[in-house]
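A look at the structure
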Amino acid sequence: MDETVVAMDRISELPTFIIHHLMSYLSAKEVARTSVLSKKWNQLYVSFPILDFDQNYFFPGASRLDYGSFCVRKQNYSFSETVKKFMDFVDASLVRFCKLKFCIQKFRLFLTFLDVKGSAPIVDRWIRLAVENGVRELDFENITDENTVYTLPQAIFSANSVTNLRLVWCRLEQPFDSIMLCSLKKLTLERVCLDEQMVQKLATECPLLEDLCFSNCWGLKHLCVSKASKLKIMEIRSFSEEIEIVEISVPSLQQLTLLFYGARRPRVVEVARSPHLKKLDLVSVYFADNEFNHLISKFPSLEDLFVTRCCLPGKIKISSNQLKNLLFRSCKYLKVIDVDAPNLLLFTYEFNPIPIISINVPCPWKVSFVCKGVLNTHWYLKLKKFLGVSKQIESLKLSLYSSKVLYNLDELSECSPSLPLQVENLELHTNVPLSDYETLLDCVFWICHPRTLRVNVMFEEDHKFITWLSDQLWIRDVNCCNSHPIKCWRHYLNDLKTENFLLVNDQIFLDVDNLMDGWTTRTRGVSEFHLDWCVPVLDGKS
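Residues numbered from 1 in each chain as written. Predicted model: local features only at pLDDT ≥ 70, side-chain atom pairs only at ≥ 80, totals over all residues. Heavy atoms only, no water.

1. Observations regarding the overall build of the protein chain
Counting secondary structure elements, the protein chain contains 14 helices and 27 strands. Per-residue burial for the protein chain yields a buried fraction of 47% across its 542 residues. Counting only contacts in the protein chain whose residues sit at least 6 apart along the sequence, the fraction spanning at least 24 positions is 55%. Here the protein chain displays about 26600 Å² of accessible surface, and carbon together with sulfur accounts for 51% of that area. (Helix = DSSP H or I, 4+ residues; strand = E, 2+ residues; numbered from the N terminus. Buried < 20%, exposed > 50% of the residue type's maximum accessible area, 1.4 Å probe, protein only. Contact = heavy atoms within 4.5 Å. Areas by Shrake-Rupley, 256 points an atom, 1.4 Å probe, with all protein chains shown as cover.)

Written out as structure tokens, the structure is:
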């Protein structure tokens with residue numbers, strides 16, 4: 001007998017609940033295929049309590065439907081017929097399962113409405129059947145015309161067995177009675193139309209709610225969440241300009257994400273003191289004057305603080321013994337940083353201006369800077385002064401794009417006669433004139449001596465630079481600058497240990513010597529050099 005058949009027979013002997021658990025790791029298509037194995041497996045398929053209905057499965061080879069593709073396809077007759085077949089399949093499958101009187105573990109439905117008015121009663125009945133059969137997880141997503149939004153039935157508010165509820169692209173209207181979502185722990189609303197009263201009702205009448213997410217919902221100008229006594233995780237993502245005020249008063253919060261896109265952000269963001277908050281993620285939030293410093297002071301247990309594309313005041317001050325991870329990214333007005341976080345494990349500072357910094361953080365740094373203007377002595381001096389505050393630069397990324405190079409090594413050495421910094425990893429992106437390659441490399445290595453140097457090779461100019469760089473790193477002429485207390489990098493580079501090239505598409509390392517034979521301007525990847533430096537000293541001895 002075939003070994004596969006024997007193995008399948010052994011699985012068939014397991015208890016039904018164990019087989020169903022194993023089936024839960026399969027996709028809906030794979031689960032459906034098991035029904036043809038035998039009568040026993042067909043019964044297992046029919047009684048499988050995870051009902052996953054995705055209209056995309058009815059369009060072989062098609063990419064996942066979104067609003068754009070729906071608008072293009074909805075006038076097509078074959079598309080309409082396929083939608084009808086899908087709805088007939090869902091109706092028959094759901095009714096058949098409900099006749100078994102089993103509880104539904106998960107009900108997921110993704111579909112498009114060609115006719116909201118005509119289809120709504122059918123979908124209402126599906127949701128009502130799922131609720132009546134004790135559904136625990138309910139995931140509903142649909143795509144309709146932007147002017148016709150499906151309104152969820154009142155039955156959704158009496159789903160007292162639901163622990164996880166996700167709703168996408170629909171409308172929630174006020175319930176006629178109290179909300180009975182007494183088991184709900186996680187609620188995710190994406191592109192849902194609802195008002196302020198509905199938000200407060202959900203927050204106050206779901207007694208076990210722990211995780212709440214609003215993503216690009218509309219109908220809200222004042223988003224207020226309070227009296228959610230067990231709420232631990234909250235996320236607000238908005239791509240519209242509708243929300244004007246955000247107020248959060250939830251002392252039990254442990255994680256909070258605020259993400260806003262658009263030209264006009266909320267003019268008021270007020271978060272009450274949360275003594276248990278450990279993680280705060282802020283994206284595109286506007287802070288005036290001392291608002292940021294005041295906000296951070298409300299969270300004494302904060303361990304992870306991530307600030308991205310926020311409008312911050314010129315100076316920020318953070319003092320915390322609990323903080324473990326701190327990130328600032330793309331905050332273009334940041335000028336002065338004062339941080340006292342003696343237990344910090346990682347400090348990440350990416351794509352911000354080079355600040356004046358006072359910092360007590362004995363941990364590794366990950367730093368990225370971009371300079372698209374004039375590369376001059378002042379910029380390099382500021383960079384070296386900033387990096388010099390740390391003794392552990394784990395990674396440094398420099399993206400230097402300039403048609404004007406107004407600096408030289410002698411000028412830098414005179415202004416700041418300090419030794420180069422030791423850096424673990426340096427990633428270099430550059431697009432300067434060929435005539436300035438040598439000056440650029442001299443100045444970069446005047447700032448730091450990286451153990452690993454990586455250079456992205458994506459365009460023709462990158463190929464020119466990496467070819468030049470590969471030659472320069474092998475030159476051992478050290479007859480220059482002997483009279484200087486701090487010499488150029490060639491005096492301190494002991495050896496170029498390895499030279500690899502990581503192909504972007506293949507994600508494999510190649511030896512550069514073997515690659516050069518087939519090197520073309522279309523070659524894409526990252527060139528990597530491992531550098532062995534001696535430790536420089538001011539008197540020139542090493």
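There's more to say after this.
2. Some words on the sheet that holds strand β7 (residues 222-226)
Spatial ordering of the open sheet is given by β7-β9-β11, a layout of three strands whose pairing is parallel. At either end of the open sheet lies a strand with only one pairing partner, and these are β7 and β11 (268-271). Each strand axis lies, on average, 0 degrees off the axis of its neighbour in the sheet, ignoring direction. Looking at chain direction, β7 and strand β9 (residues 245-249) are connected through five bridges and run parallel. Pairing of Cys224 across the sheet is with Glu247, part of β9. (Pairing = 2+ DSSP bridges. Axes fitted to C-alpha atoms, helices over the stretch in contact; angles between N-to-C directions.)

3. Some words on the pattern of salt bridges
Taken as a whole and assessed by the stated rule, the structure comprises 15 salt bridges. With its nearest N and O atoms 2.8 Å apart, the salt bridge here joins Arg166 to Asp139. Of this pair, Arg166 sits in strand β4 (residues 164-171) while Asp139 sits in strand β3 (residues 137-143), placing them 27 residues apart in sequence. Judged by its relative accessible area of 14%, Asp139 falls in the buried class. Put simply, Arg166 and Glu190 hold a salt bridge, and the shortest N to O gap is 3.2 Å. With a gap of 24 residues between them, Arg166 in strand β4 and Glu190 in strand β5 (residues 186-193) connect regions that are remote in the sequence. We classify Arg166 as partly exposed; its relative accessible area is 22%. (Salt bridge = Lys/Arg side-chain N within 4 Å of Asp/Glu carboxyl O.)

4. Some words on the sheet that holds strand β18 (residues 356-360)
Overall, parallel pairing links the three strands, which are arranged β14-β16-β18 in an open sheet. Whereas interior strands pair on both sides, the edge strands pair on one side only; in this sheet they are β14 (315-319) and β18. Taking the axes of each pair of neighbouring strands and ignoring which way they run, one obtains an average angle of 5 degrees across the sheet. Bridge analysis of strand β16 (residues 336-340) against β18 gives five bridges, and the strand direction is parallel.

5. Let's talk about helix α8 (residues 196-205)
Buried within α8 are the following residues: Met198, Val199, Lys201, Leu202 and Ala203. Where α8 begins, one side-chain oxygen reaches toward the backbone nitrogen of Gln197, 3.3 Å away; that side chain belongs to Asp195. (Polar contact = N/O pair within 3.5 Å; in protein donor to acceptor, adjacent residues only side chain to side chain.)

6. Observations regarding the side chain of Asp211
Turning to its location among the elements, Asp211 is positioned in strand β6 (residues 211-215). There is no salt bridge for the buried Asp211, and the closest opposite charge comes from Lys186, which lies 4.3 Å off by N-O distance. Setting aside its immediate chain neighbours within four residues, Asp211 contacts Lys185, Lys186, Leu187, Leu231 and Ile233. (Lys, Arg positive; Asp, Glu negative; His and termini not counted.)

7. Looking at the side chain of Asp462
On the secondary structure map, Asp462 appears in helix α13 (residues 460-472). Beyond its immediate sequence surroundings of up to four residues, Asp462 is in contact with Thr430, Asn456 and Val457.

8. Section: the packing of helix α12 (residues 437-447) against α13
At a minimum axis separation of 11 Å, α12 and α13 run at an interaxial angle of 65 degrees. The two elements α12 and α13 meet at a crossing, and its hand is right-handed. Contacts from Tyr437, Glu438, Leu440 and Leu441 in α12 reach Glu461, Lys464, Phe465, Trp468, Leu469 and Gln472 in α13. (Left-handed = near helix turned anticlockwise from the far one by under 90°.)

9. Details of helix α7 (residues 116-132)
When the terminal C-alpha atoms of α7 are compared, their 23 Å separation across 17 residues agrees well with the 24 Å that a helix rising 1.5 Å per residue should span. Among the residues of α7, those classed as buried are Val116, Ser119, Ala120, Val123, Trp126, Ile127, Leu129, Ala130 and Val131. At the exit of α7 stands Gly134, carrying a positive phi of roughly 65 degrees. (Expected span 1.5 Å × (residues − 1).)

10. A look at the pairing of strand β13 (residues 304-308)
Side chains on a regular strand alternate between the two faces of the sheet. Buried residues dominate β13, accounting for four of its five residues. One ladder, built from five bridges, connects strand β12 (residues 279-283) with β13; its direction is parallel. Of the residues in β13, the one forming a bridge with Asp281 is Phe306. The parallel pair β12 and β13 is bridged by helix α9 (residues 291-296), and the resulting crossover is right-handed. Sheet topology places β13 next to strand β15 (residues 325-329); five bridges connect them, and they run parallel. Looking at the pairing, Leu305 lines up with Leu326 of β15. (Right-handed = clockwise from strand over helix to strand, strands pointing away.)

11. Some details on the environment of Ala272
Here Ala272 is to be found in the loop between β11 and β12. It is 9.3 Å that separates the C-alpha atoms of Ala272 and Phe299, two residues lying 27 residues apart in sequence. Beyond its immediate stretch of four places on either side in the chain, Ala272 contacts Ile248, Ser249, Lys298 and Phe299.

12. Focus: unusual backbone geometry
With glycine set apart, most residues show a phi of negative sign, and most peptide bonds adopt trans. Located in the positive-phi region is Ser284, a residue other than glycine, with phi close to 55 degrees. Mapped onto the secondary structure, Ser284 falls in the loop between β12 and α9. The phi dihedral of Asp289 falls on the positive side, at around 50 degrees, and the residue is not glycine. Tracing the backbone shows Asp289 in the loop between β12 and α9.

13. Notes on the packing of aromatic side chains
All chains considered together, the criterion is met by 18 aromatic pairs. With a centroid separation of 5.9 Å and an interplanar angle of 55 degrees, the aromatic rings of Tyr349 and Phe369 are classed as tilted. Linking Tyr349 in strand β17 (residues 346-350) with Phe369 in strand β19 (residues 365-371), this pair joins segments that are 20 residues apart in sequence. A single burial state applies to Tyr349 and to Phe369, both of which are buried. Pairing Tyr437 with Trp468 gives two aromatic rings, centres 5.5 Å apart and planes at 55 degrees, and the pair type is tilted. Here Tyr437 is found in helix α12, whereas its partner Trp468 is found in helix α13, with 31 residues between them in sequence. When sorted by exposure, Tyr437 lands in the same class as Trp468, which is buried. What links up through ring pairs into an aromatic cluster is the set Phe347, Tyr349, Trp365, Phe369 and Phe386. Just above the ring of Trp446 sits the side chain of Lys384; from NZ or CZ to the centre is 3.8 Å. (Phe/Tyr/Trp six-rings, centres within 6.5 Å; stacked < 30°, edge-to-face > 60°. Lys NZ or Arg CZ within 6 Å of the ring centre and 35° of its normal.)

Purely geometric stuff here, so don't read any function into it on its own.
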